[in-house]
Amino acid sequence: MAAPPRTTRAPKAEAAGVSAARIRLGRVFRVESKDYFLLLGTTLFLVVFGLVMVLSSSSVESNLEDGGFFVQATRQGLYALFGIPIMLIASRMPERAWMSVAWPLLIVSCALQLLVVATPLGVTVGGNTNWLAIGGVQFQPSELIKVALVIWLGLIVTKKQAQLGDFTHGILPILLVGGGAIGLVLLGGDLGTVMIMGGMLMGALFLIGVRIRLLLPPVLLGLAVFVMVAVSSDSRMRRITAFVRENCSTAYDDDCWQIQHGRFALANGGIFGVGLGNSTAKWSWLPAADNDFIFAIIGEELGLIGAVVVIGLFVLLAVAFARVLRAARTPFAKTVTAAVLVWVVGQACVNIGVVLGVFPVLGVPLPLVSAGGTALLTTLFAIGVVLSVARDPEAATRAAARAAARAAGRTTR
(Lines give C-alpha, C1' and ligand atoms only; values in the text may rest on other atoms or scores of the structure.)
Protein backbone atom coordinates (compact mmCIF):
# COMPACT_ATOMS: atom_id res chain seq x y z
CA MET A 1 0.00 0.00 0.00
CA ALA A 2 1.38 3.38 -0.93
CA ALA A 3 2.16 5.78 1.90
CA PRO A 4 -0.29 8.64 2.33
CA PRO A 5 0.94 11.93 0.91
CA ARG A 6 2.68 14.23 3.40
CA THR A 7 0.64 17.26 4.22
CA THR A 8 2.07 20.76 4.59
CA ARG A 9 -1.19 22.31 5.74
CA ALA A 10 -0.22 22.66 9.42
CA PRO A 11 3.09 24.46 8.78
CA LYS A 12 1.41 26.70 6.26
CA ALA A 13 -1.36 27.51 8.75
CA GLU A 14 1.19 28.24 11.45
CA ALA A 15 3.18 30.49 9.13
CA ALA A 16 0.00 32.26 8.11
CA GLY A 17 -0.89 32.84 11.75
CA VAL A 18 2.52 34.35 12.51
CA SER A 19 2.32 36.52 9.42
CA ALA A 20 -1.17 37.72 10.37
CA ALA A 21 -0.02 38.57 13.89
CA ARG A 22 2.93 40.51 12.48
CA ILE A 23 0.65 42.42 10.14
CA ARG A 24 -1.78 43.26 12.96
CA LEU A 25 1.06 44.47 15.22
CA GLY A 26 2.48 46.56 12.42
CA ARG A 27 -0.94 48.00 11.68
CA VAL A 28 -1.35 49.07 15.34
CA PHE A 29 1.70 51.33 15.11
CA ARG A 30 1.46 52.27 11.44
CA VAL A 31 -1.78 54.16 11.97
CA GLU A 32 -0.35 56.45 14.66
CA SER A 33 0.57 60.06 13.97
CA LYS A 34 4.06 61.40 13.29
CA ASP A 35 3.94 63.25 16.61
CA TYR A 36 3.34 59.93 18.38
CA PHE A 37 6.42 58.36 16.82
CA LEU A 38 8.56 61.45 17.37
CA LEU A 39 7.76 61.43 21.08
CA LEU A 40 8.11 57.66 21.41
CA GLY A 41 11.36 57.46 19.46
CA THR A 42 13.04 60.31 21.32
CA THR A 43 11.99 58.85 24.67
CA LEU A 44 13.33 55.38 23.86
CA PHE A 45 16.62 56.81 22.59
CA LEU A 46 17.10 58.79 25.81
CA VAL A 47 16.34 55.71 27.92
CA VAL A 48 18.89 53.58 26.05
CA PHE A 49 21.46 56.36 26.19
CA GLY A 50 20.77 56.73 29.92
CA LEU A 51 21.41 53.03 30.52
CA VAL A 52 24.80 53.33 28.82
CA MET A 53 25.76 56.38 30.86
CA VAL A 54 24.52 54.86 34.14
CA LEU A 55 26.68 51.82 33.43
CA SER A 56 29.70 54.03 32.82
CA SER A 57 29.18 56.52 35.65
CA SER A 58 28.14 54.06 38.37
CA SER A 59 30.62 51.24 37.86
CA VAL A 60 33.20 52.40 40.42
CA GLU A 61 30.79 53.33 43.21
CA SER A 62 28.69 50.25 42.46
CA ASN A 63 31.72 48.02 42.99
CA LEU A 64 32.59 49.77 46.25
CA GLU A 65 29.07 49.77 47.70
CA ASP A 66 27.43 46.69 46.17
CA GLY A 67 30.41 44.46 45.39
CA GLY A 68 29.99 44.47 41.61
CA PHE A 69 30.65 46.86 38.75
CA PHE A 70 27.30 46.21 37.07
CA VAL A 71 24.90 46.08 40.04
CA GLN A 72 23.54 49.62 39.69
CA ALA A 73 23.38 49.43 35.90
CA THR A 74 21.59 46.07 36.04
CA ARG A 75 19.07 47.48 38.50
CA GLN A 76 18.46 50.45 36.22
CA GLY A 77 18.09 48.12 33.24
CA LEU A 78 15.41 46.12 35.07
CA TYR A 79 13.48 49.30 35.80
CA ALA A 80 13.67 50.21 32.10
CA LEU A 81 12.58 46.68 31.19
CA PHE A 82 9.42 47.20 33.24
CA GLY A 83 8.97 50.89 32.47
CA ILE A 84 8.91 50.71 28.67
CA PRO A 85 6.05 48.14 28.52
CA ILE A 86 4.18 50.21 31.13
CA MET A 87 4.57 53.24 28.87
CA LEU A 88 3.32 51.30 25.82
CA ILE A 89 0.35 49.88 27.73
CA ALA A 90 -0.51 53.35 29.04
CA SER A 91 -0.37 54.67 25.48
CA ARG A 92 -3.33 52.45 24.53
CA MET A 93 -5.63 53.66 27.32
CA PRO A 94 -8.56 56.00 26.54
CA GLU A 95 -9.09 59.34 28.27
CA ARG A 96 -12.11 58.12 30.23
CA ALA A 97 -9.95 55.47 31.88
CA TRP A 98 -7.46 58.09 33.10
CA MET A 99 -10.25 60.30 34.39
CA SER A 100 -11.78 57.43 36.36
CA VAL A 101 -8.51 56.78 38.27
CA ALA A 102 -7.47 60.42 38.78
CA TRP A 103 -8.84 60.92 42.29
CA PRO A 104 -7.95 57.44 43.63
CA LEU A 105 -4.39 57.74 42.31
CA LEU A 106 -3.93 61.18 43.89
CA ILE A 107 -5.33 60.03 47.24
CA VAL A 108 -3.15 56.90 47.34
CA SER A 109 0.02 58.77 46.37
CA CYS A 110 -0.61 61.46 49.00
CA ALA A 111 -1.29 58.78 51.63
CA LEU A 112 2.03 57.15 50.81
CA GLN A 113 3.81 60.50 51.07
CA LEU A 114 2.12 61.04 54.43
CA LEU A 115 3.69 57.77 55.60
CA VAL A 116 7.06 59.19 54.56
CA VAL A 117 6.83 62.37 56.62
CA ALA A 118 4.75 61.15 59.56
CA THR A 119 5.92 57.61 60.33
CA PRO A 120 9.22 55.77 60.90
CA LEU A 121 8.81 54.21 57.44
CA GLY A 122 10.22 57.41 55.93
CA VAL A 123 13.90 57.28 54.97
CA THR A 124 16.19 60.31 54.86
CA VAL A 125 18.68 60.47 51.98
CA GLY A 126 20.94 63.47 51.47
CA GLY A 127 19.09 65.51 54.09
CA ASN A 128 15.68 64.98 52.43
CA THR A 129 13.03 62.66 53.87
CA ASN A 130 11.59 61.59 50.57
CA TRP A 131 11.83 57.80 50.53
CA LEU A 132 9.43 55.15 51.81
CA ALA A 133 10.74 51.74 52.92
CA ILE A 134 8.19 48.91 52.91
CA GLY A 135 9.18 45.26 52.97
CA GLY A 136 12.77 45.92 52.01
CA VAL A 137 11.75 48.04 48.99
CA GLN A 138 12.46 51.76 48.87
CA PHE A 139 10.70 54.16 46.53
CA GLN A 140 9.72 57.83 46.27
CA PRO A 141 5.99 58.56 46.64
CA SER A 142 6.69 62.15 45.53
CA GLU A 143 7.36 60.83 42.02
CA LEU A 144 4.01 59.08 42.05
CA ILE A 145 2.38 62.34 43.17
CA LYS A 146 3.75 63.98 40.00
CA VAL A 147 1.93 61.49 37.78
CA ALA A 148 -1.21 61.69 39.91
CA LEU A 149 -1.21 65.49 39.65
CA VAL A 150 -0.85 65.31 35.87
CA ILE A 151 -3.91 63.06 35.48
CA TRP A 152 -5.92 64.81 38.20
CA LEU A 153 -5.23 68.21 36.67
CA GLY A 154 -6.49 66.94 33.32
CA LEU A 155 -9.72 65.80 34.97
CA ILE A 156 -10.32 69.03 36.90
CA VAL A 157 -9.58 71.27 33.92
CA THR A 158 -12.03 69.23 31.86
CA LYS A 159 -14.75 69.72 34.49
CA LYS A 160 -13.98 73.39 35.13
CA GLN A 161 -13.21 74.45 31.57
CA ALA A 162 -15.85 77.18 31.65
CA GLN A 163 -14.63 78.52 35.02
CA LEU A 164 -10.89 78.85 34.40
CA GLY A 165 -11.28 82.60 34.03
CA ASP A 166 -12.66 82.87 37.58
CA PHE A 167 -10.05 82.66 40.34
CA THR A 168 -12.44 81.73 43.16
CA HIS A 169 -14.42 78.98 41.45
CA GLY A 170 -11.87 77.84 38.85
CA ILE A 171 -8.25 78.36 39.91
CA LEU A 172 -8.51 78.33 43.72
CA PRO A 173 -9.80 74.72 44.03
CA ILE A 174 -6.94 73.56 41.79
CA LEU A 175 -4.39 75.44 43.90
CA LEU A 176 -5.77 74.12 47.17
CA VAL A 177 -5.68 70.44 46.20
CA GLY A 178 -2.49 70.68 44.14
CA GLY A 179 -0.80 72.85 46.74
CA GLY A 180 -1.77 70.41 49.48
CA ALA A 181 -0.15 67.51 47.60
CA ILE A 182 2.99 69.57 46.99
CA GLY A 183 3.00 70.63 50.64
CA LEU A 184 3.31 67.00 51.74
CA VAL A 185 6.52 66.75 49.71
CA LEU A 186 7.72 70.05 51.17
CA LEU A 187 7.40 68.57 54.68
CA GLY A 188 10.16 66.16 53.71
CA GLY A 189 12.47 69.04 52.81
CA ASP A 190 12.93 68.15 49.13
CA LEU A 191 12.94 71.66 47.68
CA GLY A 192 14.10 70.55 44.27
CA THR A 193 11.13 68.22 43.74
CA VAL A 194 8.78 70.83 45.19
CA MET A 195 10.04 73.41 42.71
CA ILE A 196 9.51 71.02 39.78
CA MET A 197 6.00 70.14 40.95
CA GLY A 198 5.02 73.76 41.50
CA GLY A 199 6.40 74.73 38.10
CA MET A 200 4.52 71.83 36.52
CA LEU A 201 1.22 72.94 38.04
CA MET A 202 1.58 76.64 37.18
CA GLY A 203 3.21 76.00 33.79
CA ALA A 204 0.45 73.65 32.68
CA LEU A 205 -2.25 76.18 33.60
CA PHE A 206 -0.39 78.89 31.71
CA LEU A 207 0.08 76.76 28.58
CA ILE A 208 -3.62 75.86 28.40
CA GLY A 209 -4.57 79.54 28.40
CA VAL A 210 -5.14 80.64 32.00
CA ARG A 211 -4.41 84.36 32.28
CA ILE A 212 -1.18 85.46 33.94
CA ARG A 213 -2.95 87.82 36.36
CA LEU A 214 -4.71 84.81 37.90
CA LEU A 215 -1.46 82.85 38.26
CA LEU A 216 0.79 85.65 39.53
CA PRO A 217 -0.47 85.71 43.17
CA PRO A 218 0.02 81.95 43.77
CA VAL A 219 3.43 82.08 42.07
CA LEU A 220 4.58 84.89 44.37
CA LEU A 221 3.18 83.07 47.39
CA GLY A 222 4.99 79.90 46.36
CA LEU A 223 8.28 81.78 45.99
CA ALA A 224 7.85 83.27 49.45
CA VAL A 225 7.25 79.83 50.99
CA PHE A 226 10.25 78.45 49.11
CA VAL A 227 12.52 81.19 50.48
CA MET A 228 11.23 80.75 54.04
CA VAL A 229 11.83 77.00 53.97
CA ALA A 230 15.28 77.50 52.43
CA VAL A 231 16.47 80.03 55.05
CA SER A 232 15.05 77.95 57.90
CA SER A 233 17.93 75.48 57.52
CA ASP A 234 21.51 76.72 57.74
CA SER A 235 22.98 73.74 55.89
CA ARG A 236 20.39 73.95 53.11
CA MET A 237 21.01 77.67 52.73
CA ARG A 238 24.77 77.11 52.44
CA ARG A 239 24.26 74.55 49.66
CA ILE A 240 21.88 76.83 47.77
CA THR A 241 24.16 79.89 47.95
CA ALA A 242 27.45 78.03 47.42
CA PHE A 243 27.36 78.53 43.66
CA VAL A 244 27.53 82.35 44.06
CA ARG A 245 30.36 82.38 46.59
CA GLU A 246 33.45 84.18 45.35
CA ASN A 247 35.84 81.68 46.91
CA CYS A 248 33.94 78.58 45.79
CA SER A 249 36.23 78.27 42.79
CA THR A 250 39.15 77.55 45.14
CA ALA A 251 37.41 76.19 48.23
CA TYR A 252 37.19 72.45 48.86
CA ASP A 253 34.67 72.39 51.69
CA ASP A 254 31.54 70.26 51.63
CA ASP A 255 29.39 72.99 50.07
CA CYS A 256 31.67 73.58 47.08
CA TRP A 257 33.04 70.09 46.53
CA GLN A 258 30.31 68.77 44.21
CA ILE A 259 30.03 72.02 42.25
CA GLN A 260 33.77 72.22 41.68
CA HIS A 261 34.26 68.61 40.63
CA GLY A 262 31.31 68.84 38.28
CA ARG A 263 33.05 71.73 36.55
CA PHE A 264 36.36 69.88 36.57
CA ALA A 265 34.69 66.95 34.81
CA LEU A 266 33.23 69.20 32.10
CA ALA A 267 36.57 70.95 31.61
CA ASN A 268 38.42 67.64 31.41
CA GLY A 269 36.14 66.48 28.60
CA GLY A 270 36.99 69.31 26.23
CA ILE A 271 35.37 69.17 22.82
CA PHE A 272 35.58 65.46 22.01
CA GLY A 273 35.70 63.94 25.50
CA VAL A 274 38.07 61.44 27.09
CA GLY A 275 36.10 58.48 25.76
CA LEU A 276 33.20 56.42 27.04
CA GLY A 277 34.11 54.78 30.34
CA ASN A 278 37.28 56.85 30.84
CA SER A 279 35.95 59.43 33.31
CA THR A 280 38.15 60.24 36.29
CA ALA A 281 35.46 62.14 38.20
CA LYS A 282 33.46 58.94 38.75
CA TRP A 283 36.34 57.52 40.82
CA SER A 284 34.72 58.80 44.02
CA TRP A 285 35.55 62.43 43.21
CA LEU A 286 32.09 63.54 42.11
CA PRO A 287 29.13 62.74 44.42
CA ALA A 288 25.95 61.51 42.68
CA ALA A 289 27.88 60.95 39.44
CA ASP A 290 25.21 58.55 38.14
CA ASN A 291 22.29 60.66 39.29
CA ASP A 292 22.12 64.42 39.84
CA PHE A 293 25.49 65.08 38.16
CA ILE A 294 25.38 62.53 35.36
CA PHE A 295 25.50 65.38 32.83
CA ALA A 296 29.00 66.19 34.11
CA ILE A 297 30.08 62.62 33.30
CA ILE A 298 28.48 62.94 29.87
CA GLY A 299 30.47 66.12 29.27
CA GLU A 300 33.69 64.52 30.46
CA GLU A 301 33.43 61.26 28.50
CA LEU A 302 31.69 62.51 25.37
CA GLY A 303 32.89 66.11 25.43
CA LEU A 304 31.13 69.25 24.32
CA ILE A 305 29.76 67.40 21.30
CA GLY A 306 28.09 64.74 23.45
CA ALA A 307 26.69 67.34 25.85
CA VAL A 308 25.22 69.35 22.97
CA VAL A 309 23.67 66.19 21.52
CA VAL A 310 21.96 65.46 24.86
CA ILE A 311 20.64 69.01 25.04
CA GLY A 312 19.45 68.65 21.44
CA LEU A 313 17.58 65.46 22.34
CA PHE A 314 15.67 67.27 25.07
CA VAL A 315 14.93 70.09 22.65
CA LEU A 316 13.56 67.47 20.26
CA LEU A 317 11.51 66.02 23.11
CA ALA A 318 10.12 69.50 23.82
CA VAL A 319 9.21 69.86 20.13
CA ALA A 320 7.41 66.51 20.23
CA PHE A 321 5.42 67.56 23.30
CA ALA A 322 4.62 70.93 21.70
CA ARG A 323 3.34 69.25 18.54
CA VAL A 324 1.12 66.94 20.58
CA LEU A 325 -0.12 69.93 22.58
CA ARG A 326 -0.94 71.88 19.42
CA ALA A 327 -2.85 68.94 17.92
CA ALA A 328 -4.73 68.10 21.14
CA ARG A 329 -8.50 68.13 20.71
CA THR A 330 -9.76 67.89 24.30
CA PRO A 331 -9.04 69.84 27.50
CA PHE A 332 -7.71 66.67 29.12
CA ALA A 333 -5.25 66.06 26.28
CA LYS A 334 -4.01 69.64 26.36
CA THR A 335 -3.60 69.70 30.12
CA VAL A 336 -1.72 66.42 30.59
CA THR A 337 0.57 67.20 27.66
CA ALA A 338 1.36 70.66 29.00
CA ALA A 339 2.00 69.29 32.51
CA VAL A 340 4.36 66.53 31.36
CA LEU A 341 6.11 68.97 29.02
CA VAL A 342 6.88 71.36 31.88
CA TRP A 343 7.81 68.48 34.19
CA VAL A 344 10.25 66.59 31.96
CA VAL A 345 11.80 69.41 29.95
CA GLY A 346 11.80 71.83 32.90
CA GLN A 347 13.50 69.28 35.15
CA ALA A 348 16.10 68.60 32.45
CA CYS A 349 16.83 72.33 32.23
CA VAL A 350 17.23 72.57 36.01
CA ASN A 351 19.51 69.52 36.17
CA ILE A 352 21.76 70.72 33.35
CA GLY A 353 21.72 74.26 34.75
CA VAL A 354 22.91 72.99 38.14
CA VAL A 355 25.85 71.18 36.56
CA LEU A 356 26.75 74.26 34.51
CA GLY A 357 26.55 76.47 37.59
CA VAL A 358 23.53 78.45 36.44
CA PHE A 359 21.36 77.24 39.35
CA PRO A 360 22.21 76.16 42.90
CA VAL A 361 22.38 72.47 43.71
CA LEU A 362 18.73 71.38 43.98
CA GLY A 363 19.07 67.60 43.80
CA VAL A 364 16.89 66.71 40.81
CA PRO A 365 17.88 63.96 38.35
CA LEU A 366 18.14 64.23 34.57
CA PRO A 367 14.86 62.68 33.32
CA LEU A 368 15.13 59.34 31.50
CA VAL A 369 18.95 59.42 31.81
CA SER A 370 19.92 59.52 35.49
CA ALA A 371 19.91 56.46 37.74
CA GLY A 372 16.78 56.07 39.83
CA GLY A 373 14.08 53.47 39.42
CA THR A 374 11.06 55.35 40.77
CA ALA A 375 11.84 58.44 38.69
CA LEU A 376 12.31 56.39 35.51
CA LEU A 377 9.11 54.38 35.97
CA THR A 378 6.94 57.41 36.72
CA THR A 379 8.43 59.48 33.90
CA LEU A 380 7.83 56.70 31.37
CA PHE A 381 4.31 56.25 32.71
CA ALA A 382 3.59 59.98 32.36
CA ILE A 383 4.92 59.98 28.80
CA GLY A 384 2.69 56.97 28.13
CA VAL A 385 -0.30 59.06 29.19
CA VAL A 386 0.75 61.75 26.70
CA LEU A 387 1.17 59.10 24.00
CA SER A 388 -2.38 57.93 24.70
CA VAL A 389 -3.74 61.39 23.90
CA ALA A 390 -1.37 61.76 20.93
CA ARG A 391 -3.05 58.89 19.13
CA ASP A 392 -5.35 59.75 16.26
CA PRO A 393 -8.73 58.17 17.14
CA GLU A 394 -9.83 58.18 13.51
CA ALA A 395 -6.59 56.79 12.09
CA ALA A 396 -7.49 53.15 12.73
CA THR A 397 -10.84 53.57 10.98
CA ARG A 398 -9.19 55.21 7.97
CA ALA A 399 -6.52 52.50 7.81
CA ALA A 400 -9.17 49.76 7.96
CA ALA A 401 -11.13 51.46 5.19
CA ARG A 402 -8.00 51.68 3.01
CA ALA A 403 -7.19 48.02 3.65
CA ALA A 404 -10.75 47.02 2.75
CA ALA A 405 -10.59 49.06 -0.44
CA ARG A 406 -7.31 47.41 -1.45
CA ALA A 407 -8.75 43.96 -0.71
CA ALA A 408 -11.84 44.76 -2.76
CA GLY A 409 -9.64 45.94 -5.63
CA ARG A 410 -7.64 42.70 -5.63
CA THR A 411 -10.89 40.68 -5.56
CA THR A 412 -12.34 42.46 -8.60
CA ARG A 413 -9.10 41.91 -10.51
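In the block above lies the structure referred to throughout.
Residues numbered from 1 in each chain as written. Predicted model: local features only at pLDDT ≥ 70, side-chain atom pairs only at ≥ 80, totals over all residues. Heavy atoms only, no water.

### A few points about helix H12 (residues 331-356)
- With 26 residues, H12 extends 37 Å from end C-alpha to end C-alpha; this agrees with the ideal 38 Å at 1.5 Å per step.
- For H12, the tally of buried residues reaches 20 of 26 residues, placing the bulk of the element in the interior.
- Looking at the residues trailing H12, positive phi occurs at Gly357, about 85°. (Helix = DSSP H or I, 4+ residues; strand = E, 2+ residues; numbered from the N terminus. Expected span 1.5 Å × (residues − 1). Buried < 20%, exposed > 50% of the residue type's maximum accessible area, 1.4 Å probe, protein only.)

### Structural notes on the nonpolar core
- Judged by nonpolar contacts, the single largest core of 100 residues is most densely connected at Leu149, Ile174 and Phe321.
- With residues up to four places along the chain from it excluded, the contact list for Phe321 reads Leu39, Thr337, Val340, Leu341, Val344, Val345, Ile383 and Val386. (Core = buried A, V, L, I, M, F, W, Y, C linked by side-chain atoms within 4.5 Å. Contact = heavy atoms within 4.5 Å.)

### Focus: the side chain of Thr337
- As for its position among the elements, Thr337 is in helix H12.
- The exposure class assigned to Thr337 is buried, which follows from its relative accessible area of 0%.
- The contact partners of Thr337, leaving out residues within four places of it in the chain, are Phe321, Val324, Leu325, Val386 and Val389.

### Some remarks on the layout of surface pockets
- Approximately 770 Å³ is the volume attributed to the second largest pocket.
- Gly198, Pro218, Val219, Gly222 and Leu223 are the residues nearest the centre of the second largest pocket, which is lined by 24 residues in total.
- Breaking the lining of the second largest pocket down by element, the ones donating at least two residues are helix H6 (167-186), helix H7 (191-207) and helix H8 (212-231).
- The element best represented in the lining of the second largest pocket is H8, accounting for nine residues.
- Among the residues forming the lining of the second largest pocket, the class breakdown is 17 nonpolar, seven polar and no charged. (1 Å grid on protein atoms, 1.4 Å probe; cavity = no way out; pocket = protein on both sides within 12 Å on 5 of 7 lines; lining within 4 Å. Points joined across faces, edges and corners; volume = space filled by probe spheres on them. Nonpolar A, V, L, I, M, F, W, Y, C, P; charged D, E, K, R; others polar.)

### Here we look at the side chain of Gln140
- As for its position among the elements, Gln140 is in the loop between strand E3 (137-139) and helix H5 (141-159).
- For Gln140, a relative accessible area of 13% corresponds to the buried category.
- Look past the residues within four positions of Gln140 in its chain and what remains in contact with it is Asn130, Trp131 and Thr374.

### Things to note about the packing of aromatic side chains
- Tallied over the full model, the rule gives four aromatic pairs.
- Aromatic side chains Trp257 and Trp285 sit 6.1 Å apart centroid to centroid with 15° between the ring planes, which places their arrangement in the stacked category. One end of the pair, Trp257, is in helix H10 (residues 254-269); the other, Trp285, is in the loop between H10 and helix H11 (294-327), with 28 residues separating them in the sequence.
- For Trp285, a relative accessible area of 45% corresponds to the partly exposed category. (Phe/Tyr/Trp six-rings, centres within 6.5 Å; stacked < 30°, edge-to-face > 60°.)

### Observations regarding the packing of H5 against H7
- Put simply, H5 and H7 touch, their axes get as near as 11 Å, and they point 15° apart. Between H5 and H7, the crossing angle belongs to the class labelled roughly parallel. The two elements H5 and H7 meet at a crossing, and its hand is right-handed. Judged by residue contacts, Ser142, Ile145, Lys146, Leu149, Val150, Leu153 and Val157 of H5 engage Thr193, Ile196, Met197, Met200, Leu201, Ala204 and Leu205 from H7.
- By residue class, the composition of the contact of H5 with H7 is eleven nonpolar, two polar and one charged. (Axes fitted to C-alpha atoms, helices over the stretch in contact; angles between N-to-C directions. Parallel < 35°, antiparallel > 145°, perpendicular 65-115°, else oblique. Left-handed = near helix turned anticlockwise from the far one by under 90°.)

### Digging into the packing of helix H2 (residues 34-66) against H11
- At a minimum axis separation of 9 Å, H2 and H11 run at an interaxial angle of 160°. In this view, H2 runs roughly antiparallel relative to H11, as classed from their interaxial angle. Like other packed secondary-structure pairs, H2 and H11 cross with a definite hand, here left-handed.
- Its residues assigned to classes, the contact of H2 with H11 shows 20 nonpolar, four polar and three charged.

### As for the pattern of salt bridges
- For the structure on display, the rule yields three salt bridges.
- Arg323 is the salt-bridge partner of Asp35, the closest N and O atoms lying 2.5 Å from each other. Residue Asp35 is found in helix H2, and its partner Arg323 is found in helix H11; the two are separated by 288 residues along the sequence.
- The class for Arg323 is partly exposed, based on a relative accessible area of 33%.
- With a shortest N-O distance of 3.4 Å, Lys146 and Glu143 are connected by a salt bridge. (Salt bridge = Lys/Arg side-chain N within 4 Å of Asp/Glu carboxyl O.)

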